[in-house]
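Here is what each chain is made of, one letter per residue.
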Amino acid sequence: MSADVLLRLDGISIRLPDPHEPALVDGVTLDVARGECLGLVGESGSGKSLLLRSIIGLVPPPLSAAGEVLWSDVPGAPLLAMDRRAARGRDVSMIFQEPMRSLNPSKRVSWTLAEPLRMRRGLHGVALRERIISLLEDVGIDDPHRIARSYPHELSGGLQQRVMIAAALSTDPDLLLCDEPTTALDVTTQARIIDLLKELQRSRGLSLVFVSHDLAVISEIADRVAVLNGGTLLEVGTAREVILDPRHSYTRMLVSSIPEQLSAGTTTDPTEAHP
Amino acid sequence: MNALLRVTDLSVTYGRVRRGVTVAPTVCGVSFELSAGAAIGIVGESGSGKSTTARALVGLLPYGGTVELDGALLPLPRSREQRRRIQMVFQDPTSSLNPSIRCDRAVMQVLGARFSTAEDRRRRAYELLERVRLPGRLFGAWPSELSGGQRQRVAIARALATEPQVLIADEATSALDVSVQATILELLNELRASTGIGVVFISHDLTVVRATCSQVLVMRHGVVVEQGDVERVYTAPRDEYTRELIAAVPSIRVLSQTHEVDTGALPTPPRWVLAESA
């Protein structure tokens, strides 16, 4: 349809080995445009994280994914099946909910950042060191030399997540997959990380797929929103359309559970809410 | 005005008291009153001292200042009977339940002192689990078989089993999905109305506090920077830090603000909604 599509998910299904079990993700078809942030919303168990992982072939072993992931290298290039091995860590990077779990606790930050640069970019010595410092500066770290020498446990949650974002950006990806990157953070830190991601989206022309259960977070960052429930896509549209004028009853329930909506007096109907 | 819980000048200092060494208190000068059936919120970032305050209130930490319940001063250490009257619910329901004890037994354990026969204990446990609206088929389930929201319901039932007068919810909904959070908040509101229990609700999210509480304390670096009616604090914050905290809360209001986002370069495929079966 549009020439600006960066990534197309075509009928992605994720199943357990047992064919009688229902699919965990059921035939999801979605486009991600170059430079946009697509918000993927759903509750725990909706399949949003699995769908995100399937993009770079990280679906955990007993599960199997079917369907096609198509990718357009440069603007205007046709959509071709993605070579996930090559794309992983080069064209597509991912950040996770708990930065502490993704960082090696026994290695300094500089080591974590050096690895992809050495492997994917072939940098060494001074050039490598300079690149590490500039990456840390890019993610809004004021004191990059000190942070580069630090161990992960010496950093706050917000700083750890910034380091993870720096590592994810080290290979200049076109697409950043974000799996609830702010859920484990305080509201104030969350707001700063969201601002950083928005800034990076704008300055680098980065595309984001941002997974969250929180529509309020999604509305701060996403250009478009896709709502997922029980592995099925329910609604896709611009953030404004989906959140201010939800059409599917499930989306309406999600919108009504946003805390600011609760205090506005529109309490959820207990018969409709989930246990 | 007879308050259910009256806290005056509460302070907590970590570390051993040594001669000639002054340790700055972690929390200092917290005062508030809570009446029966009411809820008061404590908001702040990590490290602001809100959980330390909660632990001191239940008597898990030594503190300075006074805590009065029903007009009577609570001493330290507290007796079993005094501990019974203030209960706490924690952030992570998985770590507050023993994974090798079924839900109904977990609640029955707490009832030992007041019900002599197992039959009575079981009946009371079922009542409590029903009150927190756990589906009946899950009464005998293992904690691992429950969702996060259901586990938090069991943790609340356990806290209610001692018939406390005050319930302290320390980030009780922070680990849950937003939609599940809404149902737990509703449960807490309903329990307040039906049992007259007072709730101290601790969170880093002011909008969540606004959804349940009438009063709020905003804490930073161990001191209360602002205190008052939640609507007043939310709509007209006096403190700079409170304003910062409110601005940080993600909000769908950004969508209705008039400034147009530059989407000129972005293709916007048409909206799509799955047809619902009636």
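Residues numbered from 1 in each chain as written. Chains lettered and ligands numbered in written order. Predicted model: local features only at pLDDT ≥ 70, side-chain atom pairs only at ≥ 80, totals over all residues. Heavy atoms only, no water.

A. Looking closely at the overall build of chain B. Per the secondary structure count, chain B includes 11 helices and 11 strands. Among the 278 residues that make up chain B, the fraction classed as buried is 50%. In chain B, 32 side chains carry a positive charge and 29 a negative one; their mean positions are 8 Å apart. (Helix = DSSP H or I, 4+ residues; strand = E, 2+ residues; numbered from the N terminus. Buried < 20%, exposed > 50% of the residue type's maximum accessible area, 1.4 Å probe, protein only. Lys, Arg positive; Asp, Glu negative; His and termini not counted. Charge placed at Lys NZ, Arg CZ, Asp CG, Glu CD.)

B. Structural detail: the interface of chain A and chain B. At the junction of the two partners, chain A supplies 57 residues and chain B supplies 43 residues. Carbon and sulfur atoms make up 59% of the surface buried where chain A meets chain B, a total of about 4,300 Å² over both sides. In this structure, the connection of chain A to chain B is made through one salt bridge. One salt bridge in this structure joins Arg253(B) and Glu260(A), with 3.8 Å as the shortest N-O distance. Taken together, the connections running from chain A to chain B amount to 11 residue pairs in polar contact (both at pLDDT 80 or more). When residues of the side of chain A that touches chain B are traced back to their parent elements, those giving at least two are helix H8 (187–204), helix H9 (215–221), strand E10 (232–238), helix H10 (239–244), helix H11 (249–256) and helix H12 (259–263) of chain A. Of the residues forming the side of chain A that touches chain B, the biggest block, seven residues, is contributed by E10(A). The residue makeup of the side of chain A that touches chain B, split by class, is 24 nonpolar, 17 polar and 16 charged. (Contact = heavy atoms within 4.5 Å. Buried area = accessible area lost by both parts, 1.4 Å probe. Salt bridge = Lys/Arg side-chain N within 4 Å of Asp/Glu carboxyl O. Polar contact = N/O pair within 3.5 Å; in protein donor to acceptor, adjacent residues only side chain to side chain. Nonpolar A, V, L, I, M, F, W, Y, C, P; charged D, E, K, R; others polar.)

C. Here's a closer look at the packing of H8(A) against helix H10 (residues 240–248) of chain B. Between H8(A) and H10(B), the least distance of the axes is 8 Å, while the angle of their chain directions is 55°. As the angle between them shows, H8(A) and H10(B) are arranged oblique. For the crossing formed where H8(A) meets H10(B), the hand is left-handed. Residues Val187(A), Thr188(A), Ala191(A) and Arg192(A) of H8(A) form the contact with H10(B), whose own contacting residues are Glu244(B), Leu245(B) and Ala248(B). Residue composition of the contact of H8(A) with H10(B), by class: four nonpolar, one polar and two charged. (Axes fitted to C-alpha atoms, helices over the stretch in contact; angles between N-to-C directions. Parallel < 35°, antiparallel > 145°, perpendicular 65-115°, else oblique. Left-handed = near helix turned anticlockwise from the far one by under 90°.)

D. Just the packing of helix H6 (residues 148–160) of chain B against helix H7 (residues 178–195) of chain B, in detail. All names here are of chain B. For the pair H6 and H7, interaxial distance at closest approach is 10 Å and the crossing angle is 20°. On the basis of the axis angle, H6 is roughly parallel to H7. Seen from above, H6 lies across H7 with right-handed handedness. Of the residues in H7, those in contact with Gly149, Gln152, Arg153, Ile156 and Leu160 of H6 are Val180, Thr183, Ile184, Leu187, Leu188 and Leu191. Looking at side-chain class alone, the contact of H6 with H7 contains seven nonpolar, three polar and one charged residues.

E. Geometry of the nonpolar core. Counting 56 residues, the largest nonpolar core has Leu136(A), Ile165(A), Leu197(A) and Val225(A) as the members making the most contacts within it. Among the elements that make up this core, the one with the highest residue count is helix H7 (residues 157–169) of chain A (seven residues). Counting 53 residues, the second largest nonpolar core, distinct from the first, contains Leu97(B), Phe139(B), Leu160(B) and Leu187(B). (Core = buried A, V, L, I, M, F, W, Y, C linked by side-chain atoms within 4.5 Å.)

F. The pattern of salt bridges, seen in detail. Residue and element names in this part refer to chain B. For the coordinates displayed, the defined rule picks out 26 salt bridges over all chains. Between Glu163 and Arg124 there is a salt bridge, and its shortest N-O distance comes to 3.3 Å. Here Arg124 lies in helix H5 (residues 118–131) and Glu163 lies in the loop between H6 and strand E7 (166–170), a separation of 39 residues in the sequence. Judged by its relative accessible area of 41%, Glu163 is partly exposed. By relative accessible area, Arg124 is classed as buried at 12%.

G. Region of interest: helix H5 (residues 125–138) of chain A. All names here are of chain A. The end-to-end C-alpha distance of H5, which contains 14 residues, comes to 20 Å, matching closely the 20 Å that a straight helix rising 1.5 Å per residue would cover. Contact partners of the buried residues in H5: helix H4 (109–121), helix H6 (144–149), H7 and H8. One or two positions beyond H5, positive phi appears at Gly140, with a value near 80°. (Expected span 1.5 Å × (residues − 1).)

H. Region of interest: the sheet that holds strand E10 (residues 223–229) of chain B. Residue and element names in this part refer to chain B. Pairing in this open sheet of six strands is mixed, and the strands run E6-E7-E8-E3-E9-E10 from one edge to the other. Strand pairing shows two members of the sheet lacking a second neighbour, strand E6 (86–89) and E10, which therefore form its edges. For this sheet, the mean inter-axis angle between neighbouring strands, taken without regard to orientation, is 15°. Across four bridges, the pairing between strand E3 (residues 39–43) and strand E9 (residues 215–220) is parallel. Note on E9: the bridge partner recorded for Val43 is Val218. (Pairing = 2+ DSSP bridges.)

I. A look at the environment of Val200(B). Residues and elements named next belong to chain B. By secondary structure assignment, the location of Val200 is in strand E8 (residues 198–203). Its relative accessible area of 0% is what places Val200 among the buried residues. With 32 residues separating them in the primary sequence, Val200 and Ile168 have C-alpha atoms 4.7 Å apart. Among residues more than four places away in sequence, those in contact with Val200 are Leu5, Phe32, Leu34, Ile40, Ile42, Val166, Leu167, Ile168 and Ala169.

J. Molecular detail of H10(B). Within H10(B), burial applies to Tyr241(B), Thr242(B), Leu245(B), Ile246(B) and Ala248(B). What you see down the axis of H10(B) is that its buried residues fit within an arc of 160°, all on one side. Away from its buried face by more than 90 degrees, H10(B) exposes Glu240(B) and Ala247(B). Where H10(B) is buried, its residues meet H8 of chain A together with E3, helix H8 (206–212), E9, E10 and helix H9 (230–235) of chain B. (Arc of directions from axis to C-beta.)

The values reported here are purely geometric and, on their own, carry no functional implication.
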